[in-house]
Amino acid sequence: MTEYKTEKERILDDKSWWLAKLGESIYHQYRMGQLYSEELKEFGEQIQKLDHRLHELEVLSGARNIYCTCGHEIEKSDTYCGRCGQKLEHVEIDRQDEPCQHCETPLMIGANFCHVCGMRQEEELA
């Protein structure tokens, strides 16, 4: 009986992982404007609210992650990336006057996607 329960738990864990991956894929396609339905819109709006609140909390705490262009997380004090060795230039990110069309967050200059909610902007800026 224990072996059956262990196998069942493993299968349920695997199924949960695959369902999460499916959801991430669908959400990515929704953000790119490739999928649309009223149900997806409702789910997307809820996720955007959560993303926006997470962004607010990161700004308030000052604990925003910084990444090299290769995607490796770096510290503000780093001079070079620990993964790719690239010399790091720490600059303030310029914002533009137009907010995200979906979550109202001020966008980075030239952004085609919002850095908070991930949604594609209807008119690409770059």
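Okay, so let's go over this structure. Keep in mind that what you see is a predicted model, and the values were worked out from it rather than measured.

How each quantity is defined
- Residues numbered from 1 in each chain as written.
- Predicted model: local features only at pLDDT ≥ 70, side-chain atom pairs only at ≥ 80, totals over all residues.
- Heavy atoms only, no water.
- Helix = DSSP H or I, 4+ residues; strand = E, 2+ residues; numbered from the N terminus.
- Buried < 20%, exposed > 50% of the residue type's maximum accessible area, 1.4 Å probe, protein only.
- Areas by Shrake-Rupley, 256 points an atom, 1.4 Å probe, with all protein chains shown as cover.
- Salt bridge = Lys/Arg side-chain N within 4 Å of Asp/Glu carboxyl O.
- Polar contact = N/O pair within 3.5 Å; in protein donor to acceptor, adjacent residues only side chain to side chain.
- Contact = heavy atoms within 4.5 Å.
- Expected span 1.5 Å × (residues − 1).
- Phe/Tyr/Trp six-rings, centres within 6.5 Å; stacked < 30°, edge-to-face > 60°.

### Structural notes on the overall build of the protein chain
No. 1: Across its full length, the protein chain carries two helices and four strands.
No. 2: Reading the protein chain from its N end, one meets helices and strands in the order α-α-β-β-β-β.
No. 3: Looking at the protein chain as a whole, 18% of its 126 residues qualify as buried.
No. 4: As displayed, the protein chain offers around 9,900 Å² of accessible surface, 53% of which is attributable to carbon and sulfur atoms.

### Details of the pattern of salt bridges
No. 1: Following the criterion strictly, the structure yields five salt bridges and no others.
No. 2: Linking R10 and D14 is a salt bridge whose minimum nitrogen-to-oxygen distance equals 2.8 Å. Taken together, the residues R10 and D14, both in helix 1 (residues 2-31) and four residues apart, mark about one turn of the helix.
No. 3: Its relative accessible area of 42% is what places R10 among the partly exposed residues.
No. 4: Here the salt bridges do not stand alone but share partners, grouping E7, R10 and D14 into one network.

### Topic: the side chain of Q121
No. 1: If you trace the backbone, Q121 turns up in the segment after strand 4 (106-108).
No. 2: Here Q121 falls in the buried class, since its relative accessible area comes to 2%.
No. 3: Separated by 3.1 Å, the side chain of Q121 and the backbone nitrogen of Q101 make a polar contact.
No. 4: Not counting residues up to four positions away in its chain, the partners in contact with Q121 are P99, C100, Q101, H102, L107, A111, N112, F113 and C114.

### Considering helix 2 (residues 38-61)
Helical geometry: 3.6 residues make up each α-helical turn, so side chains three or four residues apart lie on a common side.
No. 1: For helix 2, built from 24 residues, the straight-helix expectation of 34 Å at 1.5 Å per residue is met to within 8% by its first-to-last C-alpha distance of 35 Å.
No. 2: For helix 2, every residue scored as buried is listed here: L40, G44, Q48 and H55.
No. 3: Next to the buried residues of helix 2 lie helix 1.

### Some details on the packing of aromatic side chains
No. 1: All told, the structure shown has two aromatic pairs when counted by the stated rule.
No. 2: Ring centres of Y27 and Y30 lie 6.4 Å apart, and the angle between their planes is 25°; this geometry places the pair in the stacked category. Linking Y27 with Y30, this pair stays in helix 1, spanning three residues, or about one helical turn. For the pair shown, Y27 and Y30 are each scored as buried.

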